[in-house]
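Residues per chain, in single letters:
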Amino acid sequence: MVTLNRIYTRTGDGGSTRLATGAPVSKASLRVEAYGGVDETNAAVGLARQHTADDSVLDPILERIQNDLFDLGADLATPEQHGKPEWEPLRILDSQVERLEREIDLLNGEMAPLTSFVLPAGSSAAASLHQARTVCRRAERTCVALSGTEGEIVGKPAIKYLNRLSDLLFVAARWSNDKGKADVLWKPGATR
């Protein structure tokens, strides 16, 4: 359980913060950028949910995803260490990725196949979900960069989760455009 009695601590005023392990790190570090991107994705999903509250299929999926994103932030804020940790770190699991895949299939199963790329437009819900998708893709790129940094470890399920989540947010945006019927399709070269 997390207890937050005091919101400001002044410990970050010098540009550093602490990871979940207690290790100090610059706020400009790639690891902080990675879990910051996940937090930003979570906020974007929260904004999108302002437009999906009446959708009894999609909104519960997005609510669960917001909880998953907190798990993912905790995963990234707790780098793997040598030796046995004092507590069992929270990690994203393959089962969470598999659940996203099932949800993608559920939503996508009710839509006609695409005949063109989709513009990030349409209903307010769809546009918001497309925005969340692009934020998620940026978070994914940062996590991939972190995983390629010497001495840094990012669990494969964490990166897979972000990859699948961006796919789900794309499908959710189409779902929010009257199950794809109100998608705004790209017309290549139409504005030349």
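Residues numbered from 1 in each chain as written. Predicted model: local features only at pLDDT ≥ 70, side-chain atom pairs only at ≥ 80, totals over all residues. Heavy atoms only, no water.

Draft legend 1. Expanded view of the overall build of the protein chain. In terms of regular secondary structure, the protein chain is built from five helices and two strands. For the protein chain, the N- to C-terminal ordering of α and β elements is β-β-α-α-α-α-α. Once the C-alpha set of the protein chain is aligned to its principal axes, its extents read approximately 55 × 40 × 30 Å. A total of 192 residues make up the protein chain; the buried ones form 41% of that total. In the protein chain, once contacts between residues fewer than 6 apart in sequence are set aside, the share between residues at least 24 apart is 73%. For the protein chain, the exposed area adds up to about 11,500 Å²; of that, 53% sits on carbon and sulfur atoms. Across the protein chain, the 23 positively charged side chains and the 26 negatively charged ones have centroids separated by 4 Å. (Helix = DSSP H or I, 4+ residues; strand = E, 2+ residues; numbered from the N terminus. Buried < 20%, exposed > 50% of the residue type's maximum accessible area, 1.4 Å probe, protein only. Contact = heavy atoms within 4.5 Å. Areas by Shrake-Rupley, 256 points an atom, 1.4 Å probe, with all protein chains shown as cover. Lys, Arg positive; Asp, Glu negative; His and termini not counted. Charge placed at Lys NZ, Arg CZ, Asp CG, Glu CD.)

Draft legend 2. The arrangement of a nonpolar patch on the surface in detail. A contiguous nonpolar patch, built from Phe 117, Leu 119, Val 184 and Trp 186 and spanning about 390 Å² of accessible area, is present on the exposed surface. Within the element layout of this structure, Phe 117 appears in the loop between helix H3 (94-108) and helix H4 (124-147). (Patch = residues over 30% accessible without salt bridge, like charges linked within 9 Å, V, L, I, M, F, W, Y side chains within 5 Å. Salt bridge = Lys/Arg side-chain N within 4 Å of Asp/Glu carboxyl O.)

Draft legend 3. Structural detail: the layout of surface pockets. Space inside the largest pocket adds up to approximately 320 Å³. Surrounding the largest pocket, Arg 18, Leu 19, Ala 20, Tyr 35, Val 38, Asp 39, Asn 42, Leu 69, Phe 70, Gly 73, Ala 74 and Ala 77 form its lining. Grouping the amino acids of the lining of the largest pocket by side-chain chemistry returns eight nonpolar, two polar and two charged. (1 Å grid on protein atoms, 1.4 Å probe; cavity = no way out; pocket = protein on both sides within 12 Å on 5 of 7 lines; lining within 4 Å. Points joined across faces, edges and corners; volume = space filled by probe spheres on them. Nonpolar A, V, L, I, M, F, W, Y, C, P; charged D, E, K, R; others polar.)

Draft legend 4. Main features of the packing of helix H1 (residues 30-48) against H4. Where H1 contacts H4, the two axes come as close as 8 Å, and the packing angle between them is 165 degrees. Here H4 runs roughly antiparallel to H1, going by the angle between their axes. In this structure, H1 meets H4 at a crossing whose hand is left-handed. Contact residues: Leu 30, Arg 31, Glu 33, Ala 34, Gly 37, Val 38, Glu 40, Thr 41, Ala 44, Val 45 and Ala 48 in H1; Ser 128, Leu 129, Ala 132, Val 135, Cys 136, Arg 138, Ala 139, Thr 142, Cys 143, Ala 145 and Leu 146 in H4. Taken together, the residues of the contact of H1 with H4 break down into 14 nonpolar, four polar and four charged. (Axes fitted to C-alpha atoms, helices over the stretch in contact; angles between N-to-C directions. Parallel < 35°, antiparallel > 145°, perpendicular 65-115°, else oblique. Left-handed = near helix turned anticlockwise from the far one by under 90°.)

In short, shape yes, function no, at least from these values alone.
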